[in-house]
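Architecture at a glance
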Amino acid sequence: QVQLVESGGGVVQAGDSLRLSCAASGFTFIQYGMSWFRQAPGKEREFVAAISAGGGIPDYTDSVKGRFTISRDNAKNTLYLRMNSLTPEDTAVYYCGKVRSLFSRSRNPYDIDYWGKGTLVTVSS
């Protein structure tokens, strides 16, 4: 049974940093790309970052480039998202997702077959 459990969210001030984690189980983590998405109040879920199974060149949405870093520890079956220089516009529930196809990364939510329940990040000004 695939499980994805996010953690690390919280309430921070603008300019602060957070590191989100996503603990994965129930599948061979090293074989699948993983992604982070977020959903702000009243908005649709949007892509944030993606990483392939082997941890190659990651993909980011433009608004987080240079501030967020996606990484993975395949030995610990854990995905991370380091978020620096947070702004109120980053306030959202952050979700990790497992890519359906082997090895590749994806920014398309329709390529995600399992989602975590999310962790809330609130950035105050």
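Report on the accompanying structure. Note that the coordinates shown come from a computational prediction; the quantities given were computed from them, not determined experimentally.

1. Remarks on the state of the cysteines
Taken as a whole and judged by the stated rule, the model has 1 disulfide. Note on cysteine connectivity: Cys 22 is disulfide-linked to Cys 96, with sulfurs 2.1 Å apart. Residues Cys 22 and Cys 96 are joined through a disulfide that is right-handed, its torsion about the S-S bond being 55 degrees. On the criterion of sequence distance, the pair formed by Cys 22 in strand β3 (residues 18-25) and Cys 96 in strand β9 (residues 92-102) is long-range, its members being 74 residues apart. Judged on exposure class, the residue Cys 22 and its partner Cys 96 are both buried.

2. Describing the side chain of Glu 6
Inspection of the secondary structure assignment puts Glu 6 in strand β1 (residues 3-7). Buried charged residue Glu 6 carries no salt bridge. Nearest counter-charge: Arg 45, at 7.3 Å. A distance of 2.9 Å separates a polar side-chain atom of Glu 6 from the backbone nitrogen of Cys 96. Polar contacts involving the side chain of Glu 6 include one to the main-chain amide nitrogen of Gly 118, which spans 2.8 Å. If sequence neighbours within four positions are ignored, Glu 6 has contacts with Ser 21, Cys 22, Trp 36, Tyr 94, Tyr 95, Cys 96, Gly 116, Lys 117, Gly 118 and Thr 119.

3. Points about the sheet that holds β3
One open sheet holds the 4 strands; their spatial order is β1-β3-β8-β7, and the pairing between them is antiparallel. Single-partner strands in this sheet number two, and they are β1 and β7 (68-73). Direction aside, neighbouring strands of the sheet carry axes that sit 15 degrees apart on average. Sheet analysis places β3 next to strand β8 (residues 78-83), joined by 6 bridges and oriented antiparallel.

4. As for the pairing of strand β11 (residues 119-124)
Alternating positions in β11 separate cleanly, Thr 119, Val 121 and Val 123 being buried on one face and Leu 120, Thr 122 and Ser 124 remaining unburied on the opposite face. Judged from the 4 bridges that link them, strand β2 (residues 10-13) and β11 form a sheet pairing that is parallel. Its bridge partner being in β11, Val 11 is matched across the sheet by Thr 122. In this structure, β9 lies alongside β11, joined through 3 bridges in antiparallel fashion. Bridge pairing links Ala 92 to Val 121 in β11.

5. Considerations on unusual backbone geometry
In terms of backbone geometry, most residues other than glycine have negative phi values and most peptide bonds are trans. The phi dihedral of Ser 85 falls on the positive side, at around 50 degrees, and the residue is not glycine. Tracing the sequence through the fold places Ser 85 in the loop between β8 and β9. Positive phi outside glycine occurs at Phe 103, with the angle close to 75 degrees. As for its position among the elements, Phe 103 is in the loop between β9 and β10 (112-115).

The rules we used
- Residues numbered from 1 in each chain as written.
- Predicted model: local features only at pLDDT ≥ 70, side-chain atom pairs only at ≥ 80, totals over all residues.
- Heavy atoms only, no water.
- Disulfide = S-S within 2.5 Å.
- Helix = DSSP H or I, 4+ residues; strand = E, 2+ residues; numbered from the N terminus.
- Buried < 20%, exposed > 50% of the residue type's maximum accessible area, 1.4 Å probe, protein only.
- Lys, Arg positive; Asp, Glu negative; His and termini not counted.
- Salt bridge = Lys/Arg side-chain N within 4 Å of Asp/Glu carboxyl O.
- Polar contact = N/O pair within 3.5 Å; in protein donor to acceptor, adjacent residues only side chain to side chain.
- Contact = heavy atoms within 4.5 Å.
- Pairing = 2+ DSSP bridges.
- Axes fitted to C-alpha atoms, helices over the stretch in contact; angles between N-to-C directions.

Honestly, it's all geometry; don't read function into it.
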